[in-house]
Amino acid sequence: MPYKVRTRFAPSPTGYLHVGGIRTALFCWLLSRQNKGQFILRLEDTDKKREVPGADEHLMQSLRALGLDFDEGPDVGGTYGPYRQSERLESYRKWAQKLIEKGRAYADPTSEEDLDQLREVAKAAKKPFLYREHRPTRPPQWDGSQPLRLKSDPKPYTWHDEVMGDLSTGPEVVDDFILIKSDGFPTYNFSHIIDDAEMEISHIVRGQEFLASVPNYLNLYEALELDRPKMATVPHILGPGGNKKLSKRDGAKDVLDYVRDGFLPDALVNFIALLGWNDGTDQEIYSRDELIQKFRLNQVQRSGARFDEQRLIWMNGHYIRHKPIDTLHELSKDFWPPPAKDSPDEYKKRILALVQERLKYLAEIPKLTNFFFEDLPADIELINSDKVLGKLEKPLLRELLVKSRGAIESSDFSLDHLNSTLNSLLEQTSQRPAVLFSLIRIATTWAPASPGLADTVNLLGKDKCLQRIDKAIVLLEK
Ligand code: GLU
């Protein structure tokens, strides 16, 4: 059979996906696309206590929002389904039965309390707890009411991890772990092995938290007489401080929130790919196709990758700056402030062209552009708190505005003419741009920041500008 690359993303539906979760999905997706293989979504929903209603839909939506389309999965089907573990219980029971018949699995009659006590004893003796040291000599017949455990065959292992390299462990880490819990659901440790085999998965890419269990998995593969997929362990993503694993608790955001804030899928994918991977160059911007071509598991770093949201914001800004205006306009559709509702597309495109350079994510559009669509409240504080204007007398400011009004009124409002009008105003009034231009800027926008003055005034149009300047003149009389 030709070697096929089949990767899977196997989240538990216990909440949203943050960048860390989705990075595993992205690496799997890149690998499958690079090798013209398949990318599979499998929902590991066997821990009923931790399940969050709606999380499965949310996960699928997140993958799709980033363009990580899956070829097989719960809502697209596929020949290796079902793709929810809770619908595969038959399979697990069948394989469990095989192990029992081979004498490699047994019912565990130990009560929770006894188990706790055994753990306490080991702890007091400063020894690692190994269940196999307390293996019952005559285990009961397994009737499903007791946990089913693997009867392990402890031995040393050496294996190759595509990221971490060659690893080895001694027999002391291999134990009799639970395969099926007393609630009838399999453990992750058991179910993923069965599913990966039945789904013909070629590569397992997963987080570091599973690494310590690999020797147990290897033991189980042998007991089941199954070949194992290649394994790749990706390092933790560290919080901004660089010393702690990034977690939802320290504010790791839902990737869908980034999408809602107008982070572009390609920018997110680029940023997430670089959380732990680089191709040995200092390139930072990779198109999706380039990532598909260049991604290699053996270039994933072994130590933790630091999550830096500022870098994501910078990168998104880069993607925004490089979009043609028509595309940016298309992407911005849902981000305009309400008063822009009836504004013509051409007007919006011209505004976008002015703010594109500064725009970091699309949810900033209202803040940067609202004064083009509505009169903002004329707040004298904007003048008072200005480093330069705040020190000047109001009558002087008023006089400057009156002069500016005259000049602006007589301009033909072409961009060229406006520029020369503004420059001659500077000469006439013997003022610096920090005084005159700031004043006109505030009087025509009443916004904390705006694009270049001539561009802004030009786009606002003569009537609007004069109206607003008149109001400002009145305000300065008070
Ligand atoms: N269900 C596991 C998790 O959500 C999946 C680990 C794996 O990819 O095998 O962490």
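What counts as what
- Residues numbered from 1 in each chain as written.
- Predicted model: local features only at pLDDT ≥ 70, side-chain atom pairs only at ≥ 80, totals over all residues.
- Heavy atoms only, no water.
- Near = heavy atom within 4 Å.
- Polar contact = N/O pair within 3.5 Å; in protein donor to acceptor, adjacent residues only side chain to side chain.
- Areas by Shrake-Rupley, 256 points an atom, 1.4 Å probe, with all protein chains shown as cover.
- 1 Å grid on protein atoms, 1.4 Å probe; cavity = no way out; pocket = protein on both sides within 12 Å on 5 of 7 lines; lining within 4 Å.
- Sits in = over half its atoms within 2 Å of the grid points.
- Nonpolar A, V, L, I, M, F, W, Y, C, P; charged D, E, K, R; others polar.
- Salt bridge = Lys/Arg side-chain N within 4 Å of Asp/Glu carboxyl O.
- Helix = DSSP H or I, 4+ residues; strand = E, 2+ residues; numbered from the N terminus.
- Buried < 20%, exposed > 50% of the residue type's maximum accessible area, 1.4 Å probe, protein only.
- Points joined across faces, edges and corners; volume = space filled by probe spheres on them.

Student: Now, about the site of the ligand: what can you tell me, with residues and values included?
Tutor: Around the ligand, the surrounding shell consists of Arg-8, Ala-10, Pro-11, Ser-12, Glu-44, Tyr-188, Arg-206 and Phe-210. Take Ala-10: an N or O atom from its main chain is 2.9 Å from a nitrogen atom of the ligand. At 3.2 Å, a side-chain N or O of Ser-12 approaches a nitrogen atom of the ligand. Relative to its unbound accessible area of 300 Å², the ligand is 80% covered by the protein chains. For the ligand, the cavity whose grid points lie within 2 Å of the majority of its atoms is the largest pocket. Of the residues belonging to the shell around the ligand, the class tally is 4 nonpolar, 1 polar and 3 charged.

Student: So what's going on with the pattern of salt bridges? Which residues, and what values?
Tutor: For the coordinates displayed, the defined rule picks out 41 salt bridges. A salt bridge links Asp-176 to Arg-135, with the nearest nitrogen and oxygen atoms 2.6 Å apart. Linking Asp-176 in the loop between strand E6 (165–169) and strand E7 (178–180) with Arg-135 in the loop between helix H4 (112–124) and strand E4 (148–150), this pair joins segments that are 41 residues apart in sequence. Linking Asp-266 and Arg-288 is a salt bridge whose minimum nitrogen-to-oxygen distance equals 2.9 Å. Of the two residues, Asp-266 sits in helix H8 (residues 265–273) while Arg-288 sits in helix H9 (residues 288–294), which places them 22 residues apart along the sequence. Overall, the relative accessible area of 33% leaves Asp-266 in the partly exposed class. Connected through salt bridges with shared partners, the residues Arg-8, Arg-42, Glu-44, Arg-88, Lys-94, Asp-195, Asp-196 and Glu-198 form a single ionic network.

Student: Please set out empty space enclosed by the protein residue by residue, giving values where relevant.
Tutor: Counted by the stated rule, this structure contains 1 cavity of 30 Å³ or more. Approximately 30 Å³ is the volume found for the largest cavity. Lining the largest cavity, in full, are Leu-89, Tyr-92, Arg-93, Ile-180, Gly-184, Phe-185 and Pro-186. Partitioned by chemical class, the residues of the lining of the largest cavity number 5 nonpolar, 1 polar and 1 charged.

Student: Before we move on, could you go through the layout of surface pockets and cite the residues and values that matter?
Tutor: Unfilled space is identified by rolling a water-sized probe across the atoms. As a volume, the largest pocket reaches approximately 1100 Å³. Around the largest pocket sit 42 residues that line it, and Pro-11, Ser-12, Arg-50, Glu-209 and Phe-210 are the ones nearest its centre. The set of elements that each furnish at least two residues to the lining of the largest pocket consists of strand E1 (6–9), helix H1 (19–34) and strand E8 (203–207). Among the elements that take part in the lining of the largest pocket, H1 stands out by supplying 4 residues, more than any other. Taken together, the residues of the lining of the largest pocket sort by class into 15 nonpolar, 14 polar and 13 charged.

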